[in-house]
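Structural overview
One letter stands for each residue in the lines below.
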Amino acid sequence: MMVAERWFMRNYMIKRIIWILPMLVGISFFAFVLITLSPSDPAEVALRVNEIVPTPEAIVSMREHLGLDKPFFTRYVEWILAVIQGDFGNSYVNNKPVFQEFMMALPATLYLSVVALIFIIFVSVPIGVLCAVYEGSIGDIFVRAFIFLATAMPSFWVGLLLIWLFSVQWGLVPTSGMQASNSVILPSFILAQTYIATYIRLIRNNMIENKQKNYVLYAKARGLKKRIIYKHIFRNSLTEVLTALGMSIPKLIAGSVIVENIFAWPGVGRLCVSAIFNRDFPIIQAYVLMMAVLFVVCNLIVDIYSALLDPRLRQAE
Amino acid sequence: MKIRSVVFGVILLCLTFAVCGCGSENDRLSKNELVYASTKDIRDINPHLYGGEMAAQAMVFEPLVYDTKDGIKPGLAESWEVSADGLSYTFHIRQGVKFTDGEDVNAEAIKLNIDAVCKNKERHAWLDMVNQIDHGEVMDAYTYRLVLKKPYYPTLKELALSRPFRMISPKCFKDGDTKNGVNGYAGTGPYILTEHKDKQYAIFTKNKDYWGDKAKIETIKWQVMPDPQTILLALKKGEIDLLFGADGDMIDLDSFTALQKEGKYAAMLSEPVASRAILINAHRPISSDRQVREAFQYVVNKEGIANGVLNGTETVADTLLSPTVPYCNVPLERRIYDLEKAKQLLDTAGWSMNEDGYRYKNGKKMLVTLYFNSNNAQERTISEYIQSDMKAAGIELKIIGEEKQAFLDRQKNGDFDLQYSLSWGTPYDPQSYLSSWRIPAHGDYQAQLGLEKKKWLDDEIGLTLVEPDKDKRQSRYNEILTYIHQECVYLPLTYSRTKAVYTPKLKGVGFNLSQYEIPFEKMYFEK
């Protein structure tokens, strides 16, 4: 990298990181406002989830306890200052610290997402490449039909079907839970299913596009082996795929809600769903904020990575 | 070469995963373990609070007395006497019983428990008993006296409930109290909570030192499965042995009937436990007219709901509370489906039929809204059924399914014409259920606000609960139930039952008086 380019990269990174700050403030404000917009009174909800009859006196004392009697901006500033120190408040339902609840649920979701990511890579890369190499063959048509179906099928439905087939009929895996070592296979596959379809299509199309480029023609003219040529095509097609994959990671973590519920997986998705049903506002707020931060950070990493990899992006800036 | 070895590694890993970790059903049975699936985790089973699952609380903690089909039976109290004025209850505590942490169960421990409950009055506002307790006294090491402010007649019944009057070892108290949580779950019940993995499962092990008939099954695994469909699949696979639930929570009726027909599983229905009804808000423009409310009683074909929607698993309800409920065998007029009579009543009330097939009064269409809990498929189907019945009489019924919390908000604000309602069921009916009618946060209160004698009704309920004379009490109940029936604030539909589906190897399955308890201690596997 030349000196000018390095200087440019540093400026680019600083600019992007500075931009994150107002975004985070905006997101945190949004997460906070959401609760205020809810038709249910948080004080009343906090009473009701503990089966306390919400009498007017009980509501007043709960409002004081939760600090809801303070002005809106005071509450926001207090909340955000506490959040910066890792204190998201306590759950209305069990009174445990929200942060602790998240930390308990997060490993399960991460485990699920990592295995799903492995599925995505190991299934979509070979199939995508083969489809590009044998473009227009029966196999390619079959895979394209599969992609069409896989993106259209809702994951809860596929999930139940696969439980019936692999678990009830063939007895290969347990129906749900994460107690057995092989119980991760089905839920992670279901989580990966739509992504697999997307990536097969992305890899296939990118490679086919690259095949038309001049460098391929020159390589052919030089008499290079087909395998070597495809290796180059594959490498050049990867940039876009990796960028998309980077953005898929937060989506995998945030998108595990349905899968976690069907498969009784004790992760953050289930934590969030039960919080929504109980109107456990501190957990909902923390979930919205954490997921938004995850997206922003992953987006930043992907952007910087793309800028590093592709000189054209830097020049465009 | 590198890629090949990675691919090979992954395949090998997958195969290893697939081979190990598949515990078979036989392994489980030989271990004498029963797996019960629930959509909910047991959570915090502190017996003095409401955060945990009742069935789990009832397995571990015991009351002074038990409420059974044959009346009140001894629990931790071997015997008891009630003073002539009904104000003091003297309990003789069973000697030699220990909490599972080794603490002795004595009068002092009982006093500490009951005092801990009473210190947290606002949490128990639904239970009038807590307000009626004046104080408790330790008479001697094994004699405890409970003194009431008024002769509250359901005292023994309410002491027997699954919560809050169940006994936990005083060693588990936090700072001498239980309202801010407990340090452990040492009770005296037939099972001990030995392992709890949050949101995954809980293991209950048989209490070998239990004072009564010891449980037959060694361990109970409470498996959490949030999705009812997954529960059904797990049952088919033999991963779970028992499904148990009251109101379409664990298992919906269609699946129940399908499983019953399949013949591979045993299925059982309890006696009627609670009343399914539609609450008619007398505090709203259209339904404030008693004649309109009466017409609604004749519009709905309850037989059709019981047989068509509920597959004959529930019986038609003619009155809000079943005559089998204590004090509820009151002679009341039976109102059977009669469309013509309904039409007549609506005509007399001034709602005349228009060309569009709906009724109008002073240019206003007869449009009412029914709200139900959207998570309950059964409630939706019943609501749709009612909608078509109403249409036949010229009433437009809008049905709106709402999430539980929104539904409760509406209940509290009284912002509904009609709302789906379920009584509390035995053993809370009639005393606790009627008592709750006096609390503004309840839909019943809001719907009854439009009644001319609402104040009388509330006072009468209060007086009935402290009426020492049984006959006088009965006549007060007669008055209350007759008034409510005449005013047509409830449209009783059916009496609901608790359902159990289980593997045929499991024997001894039955029901407790409370639909929220599961009598695991009586179950066993056929050898």
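Cut-off values and rules
Residues numbered from 1 in each chain as written. Chains lettered and ligands numbered in written order. Predicted model: local features only at pLDDT ≥ 70, side-chain atom pairs only at ≥ 80, totals over all residues. Heavy atoms only, no water. 1 Å grid on protein atoms, 1.4 Å probe; cavity = no way out; pocket = protein on both sides within 12 Å on 5 of 7 lines; lining within 4 Å. Points joined across faces, edges and corners; volume = space filled by probe spheres on them. Helix = DSSP H or I, 4+ residues; strand = E, 2+ residues; numbered from the N terminus. Nonpolar A, V, L, I, M, F, W, Y, C, P; charged D, E, K, R; others polar. Patch = residues over 30% accessible without salt bridge, like charges linked within 9 Å, V, L, I, M, F, W, Y side chains within 5 Å. Areas by Shrake-Rupley, 256 points an atom, 1.4 Å probe, with all protein chains shown as cover. Salt bridge = Lys/Arg side-chain N within 4 Å of Asp/Glu carboxyl O. Buried < 20%, exposed > 50% of the residue type's maximum accessible area, 1.4 Å probe, protein only. Core = buried A, V, L, I, M, F, W, Y, C linked by side-chain atoms within 4.5 Å. Contact = heavy atoms within 4.5 Å. Pairing = 2+ DSSP bridges. Phe/Tyr/Trp six-rings, centres within 6.5 Å; stacked < 30°, edge-to-face > 60°. Lys NZ or Arg CZ within 6 Å of the ring centre and 35° of its normal. Domains from an automatic or database assignment. Buried area = accessible area lost by both parts, 1.4 Å probe. Polar contact = N/O pair within 3.5 Å; in protein donor to acceptor, adjacent residues only side chain to side chain. Disulfide = S-S within 2.5 Å. Axes fitted to C-alpha atoms, helices over the stretch in contact; angles between N-to-C directions. Parallel < 35°, antiparallel > 145°, perpendicular 65-115°, else oblique. Left-handed = near helix turned anticlockwise from the far one by under 90°. pLDDT = per-residue confidence, 0-100. Expected span 1.5 Å × (residues − 1). Bend = angle between axes of the 7 residues up to and from the residue.

A look at empty space enclosed by the protein
All names here are of chain B. Applying the stated rule across the entire model yields two cavities of 30 Å³ or more. Counted as a void, the largest cavity has a volume near 120 Å³. Around the largest cavity, the lining residues are Gln 297, Thr 319, Leu 320, Leu 321, Cys 328, Leu 332, Arg 335, Leu 481, Ile 484, His 485, Tyr 490 and Pro 492. Elements that contribute at least two residues to the lining of the largest cavity include exactly α17 (470-487) and β22 (490-502). When the residues that make up the lining of the largest cavity are grouped by side-chain class, the tally is eight nonpolar, three polar and one charged.

Brief notes about a nonpolar patch on the surface
Residue and element names in this part refer to chain A. On the surface, Val 114, Ile 118, Ile 121 and Phe 122 cluster together to form a nonpolar patch covering roughly 300 Å² of accessible area. In this structure, Ile 118 sits in helix α5 (residues 98-133). Residue classification places Ile 118 among the partly exposed residues on the basis of a relative accessible area of 38%.

Things to note about the nonpolar core
Residues and elements named next belong to chain B. If you look at the biggest cluster of nonpolar residues, it comprises 115 residues, and the most contacted ones within it are Phe 91, Ile 114, Leu 146 and Trp 437. By residue number, the principal contributor to this core is helix α4 (residues 107-118), which donates six residues. Leaving out residues up to four positions away in the same chain, Trp 437 has contacts with Leu 320, Asp 444, Tyr 445, Gln 448, Lys 454, Leu 457, Asp 458, Ile 461, Ile 480, Ile 484 and Tyr 490.

A closer look at the pairing of strand β5 (residues 88-93) of chain B
All names here are of chain B. Counting buried positions over the six residues of β5 gives five, a clear majority of the element. For strand β4 (residues 77-82) and β5, the ladder comprises five bridges, and the chain directions are antiparallel. Of the residues in β5, the one forming a bridge with Ser 79 is His 92. Joining the antiparallel neighbours β4 and β5 is a turn of five residues, in which Gly 86 adopts a positive phi near 70°.

Some thoughts on the packing of aromatic side chains
Working definition: an aromatic ring pair is given by the centre-to-centre distance plus the angle between the planes. For the structure shown, the criterion picks out 29 aromatic pairs over all chains. An angle of 85° between the planes, with centres 5.2 Å apart, marks the rings of Phe72(A) and Phe73(A) as edge-to-face. Relative accessible area serves as the criterion here: at 22%, Phe72(A) is assigned to the partly exposed category. By the ring-pair criterion, three or more aromatic residues cluster together here, those being Phe29(A), Phe32(A), Phe72(A), Phe73(A), Tyr76(A) and Trp79(A). Seen from the ring of Tyr371(B), Arg410(B) lies directly overhead, with NZ or CZ sitting 3.9 Å from the centre.

Regarding the domain arrangement of chain A
All names here are of chain A. Taken domain by domain, chain A comprises domain 1 (20-84) and domain 2 (98-316). Measuring from the centre of the C-alpha atoms in domain 1 to the corresponding centre in domain 2 gives 36 Å. Tallying the contact residues gives 16 residues for domain 1 and ten residues for domain 2. Taking both sides of the interface into account, the surface hidden between domain 1 and domain 2 amounts to around 1,200 Å²; carbon and sulfur atoms contribute 84%. Interface area lost by domain 1 to domain 2 is led by Ile 20, Ile 27 and Ile 35, which between them contribute 35%. Run the count over domain 1 and domain 2 and you get zero salt bridges. At the boundary of domain 1 with domain 2, the tally comes to zero residue pairs in polar contact (both at pLDDT 80 or more). Looking at which element gives the most residues to the side of domain 1 that touches domain 2, the answer is helix α1 (residues 3-37), with nine residues. For the side of domain 1 that touches domain 2, a count of residues per class yields 13 nonpolar, three polar and no charged.

So, the sheet that holds strand β18 (residues 364-365) of chain B
All names here are of chain B. Taken in spatial order, the three strands make up an open sheet running β16-β17-β18, and their pairing is antiparallel. Sheet topology places β16 (352-353) and β18 at the edges, where each strand pairs with a single neighbour. Taken together, the two bridges between strand β17 (residues 359-361) and β18 define a ladder with antiparallel strand orientation. Directly across from Tyr 360, in β18, lies its bridge partner Lys 365.

Digging into the state of the cysteines
Residues and elements named next belong to chain B. Counted under the stated rule, the structure contains zero disulfides over all chains. Cys 172 takes part in no disulfide bond, and the closest cysteine sulfur to it belongs to Cys 118, at a distance of 19 Å. Here Cys 172 falls in the buried class, since its relative accessible area comes to 6%. Distance from the sulfur of Cys 488, which forms no disulfide, to the nearest cysteine sulfur (Cys 328) is 18 Å. On the basis of relative accessibility, which here comes to 0%, the residue Cys 488 falls in the buried class.

Things to note about the packing of α5(A) against helix α10 (residues 226-254) of chain A
All names here are of chain A. As a packed pair, α5 and α10 sit with axes 11 Å apart at the nearest point and diverge in direction by 150°. With respect to each other, α5 and α10 are oriented roughly antiparallel. In the crossing of α5 with α10, the sense of the turn from one axis to the other is right-handed. Seen from α5, the contacting residues are Thr 109, Leu 110, Ser 113, Ala 116, Leu 117, Ile 120, Ile 121, Val 125, Val 129, Ala 132 and Val 133; seen from α10, they are Tyr 230, Phe 234, Leu 245, Ile 249, Leu 252 and Ile 253. Looking at the contact of α5 with α10 residue by residue, the class counts come to 15 nonpolar, two polar and no charged.

Overview of the confidence of the model for chain B
Detail in the predicted coordinates should be disregarded across regions flagged by low pLDDT. Residues and elements named next belong to chain B. Mean pLDDT over chain B works out to 90, with 93% of the residues at or above the 70 mark. No element of chain B has a lower mean pLDDT than helix α1 (residues 2-19), at 51, and none a higher one than strand β7 (residues 143-148), at 98. Taken as a whole, residues 17-23 scores under 50 in pLDDT and shows 17 contacts with residues more than four places along the chain or in a different chain. The ipTM for the predicted assembly is 0.87, set against a pTM of 0.89.

Thoughts on the side chain of Glu467(B)
Residues and elements named next belong to chain B. Looking at the secondary structure, you find Glu 467 in the loop between α16 (454-465) and α17. Residue classification places Glu 467 among the buried positions, given a relative accessible area of 10%. Among the polar contacts listed, one links the side chain of Glu 467 to the backbone nitrogen of Asp 469, at a separation of 3.1 Å. Not counting chain neighbours up to four residues away, the residues in contact with Glu 467 comprise Pro 151, Tyr 153, Lys 472, Arg 473 and Arg 476.

Examining α5(A)
Here α5(A) contains 36 residues, and its C-alpha end-to-end distance of 50 Å stays within 8% of the 52 Å for a straight helix at 1.5 Å per residue. Of all bends in α5(A), the biggest is about 30°, found at Ala105(A), and the proline Pro107(A) comes one to four residues later.

Side note on the side chain of Ser435(B)
Within the secondary structure, Ser435(B) is located in helix α14 (residues 431-436). The residues touching Ser435(B), leaving out its near neighbours within four places in the chain, are Trp126(B), Asp128(B), Ile461(B) and Leu465(B).

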